[in-house]
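Chain residues, written in single-letter form:
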Amino acid sequence: MSVFVVVGMQWGDEGKGKIIDLLTEQADVVARYQGGHNAGHTIIFDGNKYILHLIPSGIFRADKKCVIGNGVVIDPAALAEEMQMLKKLGFDYDGRLLISDRANIILPYHRISDQQKEGDSGSRKIGTTGRGIGPTYSDKIARVGLRTCDFIDASQLQETIKSNYEEKKKILKNLYGENLPDLCEIVDQMLAHREMFVKYVGNTQSFLRDQIAEGKKILCEGAQGTMLDVDHGTYPFVTSSNSTAGGACTGLGIPPGKITRAIGVIKAYTTRVGEGPFPTELHDGYGEQLRNDGAEFGSTTGRPRRCGWFDAVVGRYAVELNGIDKVTLTKVDVLDQLDTIHVCTGYRHNGKAVAGMPASLAVLEQCEPVYTEYPGWQQSTSGIRSFEKLPDNARRYVDSLQDHLGVEIPLVSTGPGREETIMRGELL
Ligand code: GDP
Ligand code: IMO
Ligand code: MG
């Protein structure tokens, strides 16, 4: 019996898609537990690049089952588009894709509200993906959301949208001067996608528990990252779900005692999209170099990602919070050309060392990173598959990060493709 959670350790885009696709080979089921199509998980194999937003990254392995859990929020149009893309490319998912009957649906007024709030000068801009994620989770918690079990029931669908419509219409009109489409139009839009969903929707929590009882291996796919978690991240500059490992229990209905391991994914440097504090952010040529060499542009929105040095305070926080005992390190090759590399080993605030991750953003924003400097290796590591073949300085860098994090790094990624990977220890 094995249930693994794969979780991002920074602010998202750590390379989870690549790692999950790779680990899926050893799993039976891959299950997404939170987030929505704000995520963008890139998978590259056989010379082709795929970006998934909602469907689990295990879908490209033909015999694996993929679950979209109750903790995910689903935009029916976005899911339909992704399903069509897979079908067109020849990846069959019938009988393999299961959607929880308890997941919440993103409705047009959620998307409009997200975008209007972000554009409104009176509101604090989070830099969201504008996909309606926050408002959908708000409605879920306020108990006025539309769940998949009701979405596939035409009369329930109409009733739920109708019961919310007048309130949403007034709010959007009064706050932003925005006209919500007619009720019938919204209902028809949703009904148009309903048919496509019906055969995939079911009780995924009991399915997963049965799979666990049969001794199957379950890989729980996290989206976003630890620092974007609504409880533990840089609130309010976070997403609206629990992206940390605990989210896998609530977002899939898996009992906590059944989770066997949390595996972290971390980049050899740090990036962040959107607003919010980022202690090791670089505003100089090094930042520019990381962005260019790492192709750091969002997989979902195309926005340039903010880049900075590796932050071991963030890394250790993620290790502790998620109970990570194995770390996968990605994008080491992106550092190839740097003459020098910095690692933040601690923060100082008002001249004093800070213990742990400050809760207060005001404090975090004033924290000064304490750096240790490492020499670069200035030669290509791209695609290297054996740890011994890495330049000495690259090996030392990886080993130092292992020491800073206090956990083993059995997997080092040297390129975006499946094969561009060093396995130097057991992961699962
Ligand atoms: P995710 O959201 O965590 O799945 O990450 P994204 O897919 O949004 O962003 C990671 C990007 O880095 C993608 O373009 C990947 O193809 C790419 N990538 C992943 N691992 C590596 C690596 O080791 N080296 C390089 N150069 N690129 C990588
Ligand atoms: P993956 O799974 C990086 C960020 C947004 C914004 C904040 C809130 O690919 O790692 P939201 O639309 O969720 O309300 O936006 O969270 N964000 C991500 N950043 N990777 C992601 O997903 C992200 N999903 C959301 O940029 O700062
Ligand atoms: Mg991404």
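Residues numbered from 1 in each chain as written. Chains lettered and ligands numbered in written order. Predicted model: local features only at pLDDT ≥ 70, side-chain atom pairs only at ≥ 80, totals over all residues. Heavy atoms only, no water.

Another point: the site of ligand 1. Looking at ligand 1, there are 19 residues lining it, with Lys16, Thr42, Ser299, Asp333 and Ser413 nearest. Protein burial of ligand 1: of its 580 Å² of free accessible surface, 92% is covered by the chains. Judged by its atoms lying within 2 Å of the grid points, ligand 1 is housed in the second largest pocket. Those elements giving two or more residues to the shell around ligand 1 turn out to be helix H1 (16-24) and strand E3 (41-45). Classifying every residue of the shell around ligand 1 by side-chain character gives three nonpolar, nine polar and seven charged. (Near = heavy atom within 4 Å. Areas by Shrake-Rupley, 256 points an atom, 1.4 Å probe, with all protein chains shown as cover. 1 Å grid on protein atoms, 1.4 Å probe; cavity = no way out; pocket = protein on both sides within 12 Å on 5 of 7 lines; lining within 4 Å. Sits in = over half its atoms within 2 Å of the grid points. Helix = DSSP H or I, 4+ residues; strand = E, 2+ residues; numbered from the N terminus. Nonpolar A, V, L, I, M, F, W, Y, C, P; charged D, E, K, R; others polar.)

A few words on the pairing of strand E2 (residues 29-32). Neither face of E2 is left uncovered, since the one carrying Val29 and Ala31 and the one carrying Val30 and Arg32 both have all their residues buried. For E2 and strand E5 (residues 65-68), the ladder comprises four bridges, and the chain directions are parallel. Across the sheet, the residue bridging to Val29 is Lys65, located in E5. Sheet analysis places E2 next to strand E10 (residues 217-221), joined by four bridges and oriented parallel. Looking across to E10, one finds that Arg32 is bridged to Glu221. (Buried < 20%, exposed > 50% of the residue type's maximum accessible area, 1.4 Å probe, protein only. Pairing = 2+ DSSP bridges.)

Take the side chain of Thr421 next. Along the chain, Thr421 falls in strand E20 (residues 421-423). At a separation of 2.9 Å, a polar atom in the side chain of Thr421 contacts the main-chain carbonyl oxygen of Arg418. Setting aside residues up to four positions removed in sequence, Thr421 forms contacts with Lys18, Leu22, Ile384, Arg385, Leu411, Val412 and Thr414. (Polar contact = N/O pair within 3.5 Å; in protein donor to acceptor, adjacent residues only side chain to side chain. Contact = heavy atoms within 4.5 Å.)

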